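Take a look at the letters that make up each chain.
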Amino acid sequence: MTPTRIPVLLLTGYLGSGKTTLLNRILNNRRGIRFAVIVNDIGEVNIDADLIEKGGIVGQKDDSLVALQNGCICCTLKMDLVEQLRDITRQQRFDYIVIEASGICEPAPIAQTICSMPAMGLEYVRDGVPVIDSIVTVVDALRMRDEFGSGESLLRPNLDEDDIENLVIQQVEFCNIILLNKASEVSPAELERVRQIIRALQPKAEIIPCDYCDIDFDKILNTNLFDFDAVATSAAWIDAIEHHHDDDDDDDDDDDEDYDDDDDDDYDDDDEDYDDDEDDDYDDDDDDEY
C-alpha cells in the first residue's frame, strides 16, 4: 500500500516580515482544511489566542504540541523535525502541514531534511509522506526600503557570511513564491524598485504584492510548484553560471571544429608534398635506369 502524501508549505522570511500574520490567516481558513503547524517557539510566535483551545495540551513527550480549535496543532522545534513530522502523519488527522521557519533560518536545510525522509526508512513514512508543495518567502517592502536601501544593499559585493543581507538573499533565492508584503506602505516607484531587486536575485519565483499577507490561498496551497533541484538552481547567479558553461561548451565545439579543419588542411598539404616528392624521385630514378 502506497503511503499517503501530505503536502507541506514552508514559510520563510526575515523577522517582522509578516509570516505569523499569514499563519493566522491560514489557521482561520474557512475551507475546512485541517492544518498541522510547526513553529520554532510558540512563546515567540503571536498566534491568535482565539485559535488555541483552552487547556489543549496534547499528551506528548513535552509541551511542544498544542491543539487548536480548528483541529490544527502547533509544534515547537524542541523535538527533531523528522520526529515531529512522523508524529503528525501518525495521527492521520491533518490534510496539510505548514512550517514557519525562524526569521533567521535558511530554508534549504529544512527542505533537504523533508525531502530525505523517504530514504530514512519505512518507519518514518509508513503513515504518510510529507512532501513540500511550495516554499513561500515573505518580504517586508517597508523594511527593504528603510534598512536595505530598497534592496540595493542586497546587491552589494563582498558581503560577509554573517551579514543580514546574506540571510535575506538566501531566503529570496530558495523559494517558489515571494509575498511582497506591506506594499501600500511604500510608494509605487519604491515598490517597483524593490520588486526589480528581488527579480534580479530570483528570476523564476512568482512575486505577489500584498498587505497583511491578504492573498488568495489558491496562490500558495496545492500548487505542486516545488522541485528541489529546480529551486536550488533558480537563483540568478547560478543561472548565469550555467548559461556561461553552455557558452563555453559552444566555444569549445567551435575550437574543435577549427582544430579539425586546420589539421585536415595541414594533412592534405603534407600529402601533396609527399606525393610530389615521391613522383619526382620515381621519375628521376626511372629515367636514369632506362
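Computed from a predicted structure; not experimentally measured.

Peer 1: Go over the overall build of the protein, please, and point to the residues and values.
Peer 2: Looking only at helices and strands, the protein has nine helices and nine strands in total. Split into buried and exposed, the 290 residues of the protein put 43% on the buried side. Here the protein has roughly 15,900 Å² of accessible surface; of this, 44% comes from carbon and sulfur atoms.

Peer 1: Account for the packing of aromatic side chains, with residues named and values stated.
Peer 2: One pass over the full model with this rule turns up three aromatic pairs. Ring geometry for Phe35 against Tyr96: centres 5.5 Å apart, planes inclined by 50°, an arrangement best described as tilted. Of this pair, Phe35 sits in strand β2 (residues 35-39) while Tyr96 sits in strand β6 (residues 96-100); the two residues are 61 residues apart in sequence, bridging distant segments of the chain. For Phe35, a relative accessible area of 0% puts it in the buried group. Seen in terms of ring centroids, Phe174 and Phe228 are 5.6 Å apart; in terms of plane orientation they differ by 65°. Their pairing is edge-to-face. Of this pair, Phe174 sits in the loop between α6 (164-173) and β8 (177-181) while Phe228 sits in helix α8 (residues 228-232), placing them 54 residues apart in sequence. Through a chain of ring-to-ring contacts, three or more aromatic side chains come together here, namely Phe174, Phe226 and Phe228.

Peer 1: Can you explain the nonpolar core? Please cite residues and give values.
Peer 2: Core analysis: the largest hydrophobic core is formed by 47 residues, its most contacted members being Ile97, Ile99, Ile114, Ile135, Ile178, Leu180 and Ile198. Sorting elements by how many residues they give to this core places strand β7 (residues 129-140) first, with five residues. Setting aside anything within four residues of it in sequence, one finds Ile99 in contact with Val8, Leu9, Leu10, Leu11, Ile38, Leu81 and Ile114. Counting 23 residues, the second-largest nonpolar core is a separate cluster that includes Phe35, Ile208, Cys210 and Ile215.

Peer 1: So, the environment of Met117: which residues are in play, and what are the values?
Peer 2: You can see Met117 is positioned in the loop between α3 (107-115) and α4 (122-125). Distance from Met117 to Arg86, taken between C-alpha atoms, is 9.4 Å for residues 31 residues apart in sequence. Residues contacting Met117, with those up to four places away along its chain left out, are Val82, Leu85, Tyr124, Val125 and Pro130.

Peer 1: Describe unusual backbone geometry, listing the residues and the values that go with them.
Peer 2: With a phi close to 60°, Lys182 is a non-glycine residue in the positive phi region. On the secondary structure map, Lys182 appears in the loop between β8 and α7 (188-201).

Peer 1: Requested: an account of α7, with residues and values cited.
Peer 2: The end-to-end C-alpha distance of α7, which contains 14 residues, comes to 20 Å, matching closely the 20 Å that a straight helix rising 1.5 Å per residue would cover. Within the span of α7, buried status applies to Leu191, Val194, Ile197, Ile198 and Leu201. Axial view of α7: buried residues confined to an arc of 125°, hence all on one face. Those residues of α7 that are exposed and aimed more than 90 degrees away from the buried face are Pro188 and Ala189.

Peer 1: I'd like to hear about the pairing of β2, residue by residue, with values.
Peer 2: Within β2, five of the five residues are buried, which leaves the element mostly enclosed by the surrounding structure. Inspection of the sheet shows β2 paired to β6 by five bridges, in the parallel sense. Its bridge partner lying in β6, Val39 is registered against Glu100.

Parameters and conventions
Residues numbered from 1 in each chain as written. Predicted model: local features only at pLDDT ≥ 70, side-chain atom pairs only at ≥ 80, totals over all residues. Heavy atoms only, no water. Helix = DSSP H or I, 4+ residues; strand = E, 2+ residues; numbered from the N terminus. Buried < 20%, exposed > 50% of the residue type's maximum accessible area, 1.4 Å probe, protein only. Areas by Shrake-Rupley, 256 points an atom, 1.4 Å probe, with all protein chains shown as cover. Phe/Tyr/Trp six-rings, centres within 6.5 Å; stacked < 30°, edge-to-face > 60°. Core = buried A, V, L, I, M, F, W, Y, C linked by side-chain atoms within 4.5 Å. Contact = heavy atoms within 4.5 Å. Expected span 1.5 Å × (residues − 1). Arc of directions from axis to C-beta. Pairing = 2+ DSSP bridges.

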